[in-house]
Amino acid sequence: MASNRPSSASRWGSCPFRSSASSSFSSSSSTRQSQHPPRQQQQSQHAQHQQLQHAQQQQQQQQQQTAVARNYAGHFMPRQQLQEKLPDGSARFKLCKYASEMLESLHAIRQEDCLCDVTLHTADTAADGIKAHKVVLAGSSEYFRGMFTRGMREVTMSEVCIREGNITREALCQLVDFAYTGEIHITQDNVQRLLVAALFLQMRHVIEACTVYLEQQLDQSNCLGIMEFARAHDCMELEAKARRFVHQHFCDVSKNEEILDLSAEDMAEIVQREDLNIK
């Protein structure tokens, strides 16, 4: 017997609510799926991110290690070293640049006004003092070595004034710089002041440098003046070379006004020389 009850399809027909809800649910589900990728894909992306971070960390560590290695090689590893093998199988190493690098370090320490234990002054009391380290001064000057190592009162003094020797502050400053750097700038204007100060402080390297400079400057217009200056300061080698220059170039020297300043004894000594060149 056929039933008169309508089928479920006919009962619900095309219910707009049911259709809309179904489509809405389907759309929402697909949207969530697109916004949230599958777990396997998330794990893959996370692994890739970790690998990238690990690679970046390794690169940074490598760069840091390279920088440290370069710094170590540039400042601490032996350079230009001499090696001497000994009979017992050991070896003696000597770093050729160690002394100069040590001086550079001491000079930098002085420029920072660090560990300075003495301030030098000249007769010009209005000028600022020159700070230094006693041990460096003693190592470069026999005068300072005697002052700071032989029981003189300056051993315990932090302020030392050098009034003797006609030393100017400028010359003293240059000589102190030389003690740290081994370099000095010599000109026609400062050579005599530097030589006078170096002679008083017994700094033989500067004495030699000034002497060589004056020898190179010898000409017919200044040889007599250099000869007199050298004799007045007991620079016998410089005096001898200046005198020899006068003998060899006497005709040209005699035309300059400097010859009028010669004493009678000096003139007699020159003209009586057998090696006098008068041609």
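Provided above is the structure to which this section pertains.
About the criteria used
Per-chain numbering applies: the sequence of each chain, read as written, is numbered from 1 onward. At least 70 in pLDDT is required for a residue's local features to be given in this predicted model, at least 80 for side-chain atom pairs to be given and counted, and no such filter applies to totals for whole chains, interfaces and linings, which use all residues. Hydrogens and water molecules were not included; the side-chain quantities draw on all heavy atoms of the structure. Elements are defined by DSSP. Helices are runs of H or I of four residues or more, strands are runs of E of two residues or more, and each kind is numbered from the N terminus. Here a residue-residue contact requires only that any non-hydrogen atoms of the pair lie within 4.5 Å. All accessibility values rest on the Shrake-Rupley procedure with a 1.4 Å probe; residue burial counts only the protein chains present in the view. What makes a salt bridge here is a side-chain nitrogen of Lys or Arg within 4 Å of a carboxyl oxygen of Asp or Glu, nothing more. Residue burial is assigned from relative accessible area. The probe radius is 1.4 Å, only protein chains are included, and a residue is buried under 20% of its type maximum, exposed over 50%, and partly exposed in between. Here the expected length of a helix is defined as 1.5 Å per residue gap, with one fewer gap than residues. We treat two strands as partners when DSSP finds at least two bridges between them. The axes used here are C-alpha line fits, helices contributing only the stretch in contact, and every angle between their N-to-C directions lies in the interval 0 to 180 degrees. Less than a right angle of anticlockwise turn of the near helix away from the far helix marks a crossing as left-handed, whereas a clockwise turn marks it as right-handed. Any residue that is not Ala, Val, Leu, Ile, Met, Phe, Trp, Tyr, Cys, Pro, Asp, Glu, Lys or Arg is counted as polar, Gly included; the first ten are nonpolar and the last four charged. Without a salt bridge and with relative accessible area above 30%, a residue can belong to a patch; like charges are then joined within 9 Å and nonpolar side chains (Val, Leu, Ile, Met, Phe, Trp, Tyr) within 5 Å. Here the nonpolar core consists of buried residues drawn from Ala, Val, Leu, Ile, Met, Phe, Trp, Tyr and Cys, with membership extended through side-chain atoms lying within 4.5 Å. We call two directions roughly parallel when the angle between them is under 35 degrees, roughly antiparallel when it is over 145, roughly perpendicular when it lies between 65 and 115, and oblique otherwise.

Participant: How would you explain the overall build of the protein if you had to name every residue and give the values?
Facilitator: Assigned secondary structure in the protein consists of 13 helices and five strands. Taking contacts inside the protein between residues at least 6 apart in sequence as the whole, the part at least 24 apart equals 49%. When the accessible surface of the protein is split by element, carbon and sulfur atoms take 50% of a total near 19900 Å².

Participant: Quick one: what's the story with the pattern of salt bridges, residue by residue and with numbers?
Facilitator: On inspection of all chains with the given rule, the structure shows ten salt bridges. A salt bridge links E215 to K241; the shortest N-O distance between them is 3.1 Å. Highlighted residues: E215 in helix α9 (residues 204–217) and K241 in helix α11 (residues 236–248), separated in sequence by 26 residues. Accessibility expressed as a relative area gives 29% for K241, which makes it partly exposed. One salt bridge in this structure joins R243 and E239, with 3.1 Å as the shortest N-O distance. In this pair, R243 and E239 both sit in helix α11, four residues apart, roughly one turn of the helix. By relative accessible area, which is 14% here, R243 ends up buried. For E239, a relative accessible area of 15% translates into the label buried. By sharing partners, the salt bridges in this structure join E215, E237 and K241 into a single network.

Participant: Talk me through the environment of D266; I want residue IDs and the actual numbers.
Facilitator: If you trace the backbone, D266 turns up in helix α13 (residues 264–271). Owing to a relative accessible area of 9%, D266 belongs among the buried residues under this scheme. Residues D266 and E228, 38 residues apart in the sequence, show an inter-C-alpha distance of 10.0 Å. Residues within four places of D266 in sequence aside, it is in contact with E228 and R231.

Participant: Just give me the short version of α11, but keep the residues and values in it.
Facilitator: Residues three or four positions apart in an α-helix share a direction because the helix packs 3.6 residues into each turn. For α11, built from 13 residues, the straight-helix expectation of 18 Å at 1.5 Å per residue is met to within 8% by its first-to-last C-alpha distance of 18 Å. When α11 is considered as a whole, its buried residues turn out to be L238, E239, A242, R243, F245, V246 and H247. Where α11 is buried, its residues contact α9, α10 (223–232), α12 (250–253) and α13.

Participant: Tell me what's going on with the pairing of strand β3 (residues 118–122), and back it up with residues and numbers.
Facilitator: With four of five residues buried, β3 lies mostly within the body of the structure. Pairing of β3 with strand β4 (residues 130–132) involves three bridges; the strand directions are antiparallel. By the bridge assignment, V118 is partnered in β4 with A132. Sheet analysis places β3 next to strand β5 (residues 159–162), joined by four bridges and oriented parallel.

Participant: Describe the packing of helix α7 (residues 169–181) against helix α8 (residues 191–201), and please don't skip the residues or the numbers.
Facilitator: It is the contact of α7 with α8, at a shortest axis distance of 9 Å, that shows an interaxial angle of 65°. Between α7 and α8 lies a crossing of right-handed hand. Each of E170, A171, L172, Q174 and L175 in α7 lies in contact with α8, whose residues at this interface are R193, L194, A197, A198 and L201. Of the residues in the contact of α7 with α8, the class split is seven nonpolar, one polar and two charged.

Participant: Go over a nonpolar patch on the surface with me, naming the residues and quoting the values.
Facilitator: A surface patch of nonpolar side chains, about 270 Å² in accessible area, is lined by L95, Y98 and M102. Relative to the helices and strands, Y98 resides in helix α4 (residues 98–111). Accessibility expressed as a relative area gives 46% for Y98, which makes it partly exposed.

Participant: I'd love a proper account of the nonpolar core, names of residues and values included.
Facilitator: What tends to happen in soluble globular proteins is that the nonpolar side chains get buried as a cluster. Formed by 52 residues in total, the largest nonpolar core has its most connected members in L120, F144 and L201. Excluding residues that lie within four positions of it along the chain, L201 makes contacts with S141, E142, Y143, F144, I162, I167, L172 and L175.

Participant: I'd like a description of the packing of α10 against α11, backed by residues and values.
Facilitator: Running from amino to carboxyl end, α10 crosses α11 at an angle of 155°, the nearest separation of the two axes being 8 Å. As the angle between them shows, α10 and α11 are arranged roughly antiparallel. The two elements α10 and α11 cross, and the hand of that crossing is left-handed. Of the residues in α11, those touching α10 at C223, L224, I226, M227, A230 and R231 are L238, E239, A242, R243, F245 and V246. By residue class, the composition of the contact of α10 with α11 is nine nonpolar, no polar and three charged.

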